[in-house]
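# Chain and residue survey
Letter by letter, the chains look like this.
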Amino acid sequence: MPTEPEPVPASAPAARSLPARVGLGTAAVGRPGYINLGRADDLPAERTVEALRERTHALLDAAFAAGVRYLDTARSYGRAEEFLAQWLATRPEAAAQVTVGSKWGYTYTAGWRTSGVAAHEVKEHSARVFDRQMRESRALLGSHLDVYLVHSVVPDSPALTDRVLHGRLAALAAEGVRVGLSTSGPAQGDTVRRALDVTVEGRPLFTAVQATWNLLETSAAPALGEAHAAGRLVVVKEAMANGRLAGRNATGPDTAALRAVAARTAAAPDALALAAAAAQPWADIVLSGAATLDQLASNLAAAEVSLTPEDLAALGALAEPAETYWRTRACLPWA
């Protein structure tokens, strides 16, 4: 297993190079449909399995060459685990250096379709689903599975209270896999704090948390700071707000502050968004959800962005009430 990313000290959030703190997520390229804005421009006209496999492998190659060492996937990301496993099998030097995180708890149900689907994924946080999806993840990723997260936990999820499930997760942790959870919804902070209190035989169970934080949705920051201070691995997802902070989409009054700082710094809006996430002292890894090589290169240009306290204060004006943000996100179409 590769060495896990070291937590970034609160006094020095940029102590490690940015590419080493950026992870590549595969939600946008492991399945033909997702809720990122602008997918018609990002993906091939024919979103075949082979086309998205090739796209995924090209992104993984470019990310690794640029210094990215954290790779994120999930059971519900269509065939993303499969694509990643194939890439690892053909690139043993890279496989020995990367940290692979996956997630369980959602089952992909779209059958490689983008329309006419009642639900693209179905959530269930039961020991039964864990047993099945753990077998599926292991069959593909084998010993490359370093981090395994309960997918999209909310405060009333049984993942926080089911002692049978906790026993299963503790056994996995005893094998050397870092066990954690991802969060969603306006009560992310509450979920994180509840997770910090879960123990098995006196030991913390959840030692990693992946949460949504971006310039529009900042509500989880205090709880993520507590998680970081407690030694948890903190991974930021959706730093681009499902494309809302990309330059082509950041055109309305809600993103005026982003455009103003972009003009002042000569940085692309997406690079600013990622740089702002990386500037949070509790953020160990910030995920890029790039679907094209150009997007990945632009995201990684965040390494060249130096945000001043004044810049960060100006960008803070973009934050929305958490309930507003998640209501908007729920209305984004799968396409």
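Remember, predicted model here, so these are calculated numbers, not experimental data. Throughout this document, residue positions are counted from 1 along each chain, in the order its sequence is written. Local features are withheld for residues below a pLDDT of 70 in this predicted model, meaning they are given only at 70 or higher, and side-chain atom pairs are given and counted only at 80 or more; totals for whole chains, interfaces and linings count all residues. Here the side-chain values reflect all heavy atoms present in the structure, with hydrogen atoms and water set aside.

## Observations concerning the overall build of the chain
Note on conventions: DSSP H or I runs of at least 4 residues are helices, E runs of at least 2 residues are strands, and numbering of each starts at the N terminus. Scanning the chain from N- to C-terminus turns up 14 helices and 12 strands. For a compact globule the rule gives 2.2 Å times the number of residues to the power 0.38, and the radius of gyration it is set against comes from C-alpha atoms. For 335 residues, the compact-globule estimate of 2.2 N^0.38 gives 20 Å, and the chain sits close to it at 19 Å. The dimensions of the chain, computed from C-alpha atoms along their principal axes, are 55 × 45 × 40 Å. Here the chain holds 335 residues, and the buried ones make up 56% of them. By the convention used here, residues are in contact when the closest approach between their heavy atoms is within 4.5 Å. Long-range pairs, those at least 24 residues apart, make up 79% of the contacts in the chain between residues at least 6 apart in sequence. The Shrake-Rupley method, run with a 1.4 Å probe sphere, supplies the accessible areas, and residue values consider only the shown protein chains as cover. Of the roughly 13200 Å² of accessible surface on the chain, a fraction of 55% belongs to carbon and sulfur atoms. Burial here depends on accessible area, computed with a 1.4 Å probe over protein chains only, as a share of the maximum for the residue type. Under 20% is buried, over 50% is exposed, and the range in between is partly exposed.

## As for the pairing of strand β3 (residues 99–104)
Of all 6 residues in β3, 6 are buried, a share of seventy percent or more. In this analysis, strands are considered paired if DSSP registers two or more bridges between them. Direction of pairing for strand β2 (residues 70–72) relative to β3: parallel, over a ladder of 3 bridges. Among the inter-strand pairings, Asp-72 is bridged to a residue of β3, identified as Gly-101.

## With respect to the pattern of salt bridges
A pair is scored as a salt bridge if a Lys or Arg side-chain nitrogen falls within 4 Å of a carboxyl oxygen belonging to Asp or Glu. Summed over all chains, the structure comprises 19 salt bridges. The residue Glu-82 makes a salt bridge to Arg-79 at a minimum N-O spacing of 2.9 Å. Classification of Glu-82 by relative accessible area gives buried; the value is 18%. Residue Arg-244 pairs with Glu-320 through a salt bridge whose shortest N-O separation is 2.7 Å. Taken together, the residues span a long stretch of sequence, with Arg-244 in the loop between β11 (233–237) and α10 (256–265) and Glu-320 in the loop between α13 (309–315) and α14 (322–330) at a distance of 76 residues. Both residues of the pair, Arg-244 and Glu-320, count as buried.

## Observations regarding helix α9 (residues 221–229)
Taken residue by residue, α9 has Ala-221, Ala-223, Leu-224, Ala-227 and His-228 as its buried positions. In an axial view of α9, the angular spread of the buried residues amounts to 160 degrees, which keeps them on one side of the axis. Within two residues after α9, Gly-231 carries a phi angle of roughly 90 degrees, on the positive side. Within this analysis, the arc is defined by the directions that extend from the helix axis to the C-beta atoms.

## A word on the pairing of strand β7 (residues 178–183)
Counting buried residues in β7 gives 6 out of 6 residues, a clear majority hidden from the surface. Relative to β7, strand β6 (residues 145–153) runs parallel, the two sharing 5 bridges. Residue pairing across strands places Val-147 opposite Arg-178, the latter belonging to β7. After leaving β6, the chain enters helix α7 (residues 163–174) and then returns to the sheet as β7, a path that is right-handed. Alignment of β7 against strand β10 (residues 208–212), held across 3 bridges, turns out to be parallel. Its bridge partner lying in β10, Gly-180 is registered against Ala-208. Think of it like this: strands point away, you trace from the first strand over the helix to the second, and a clockwise trace means the crossover is right-handed.

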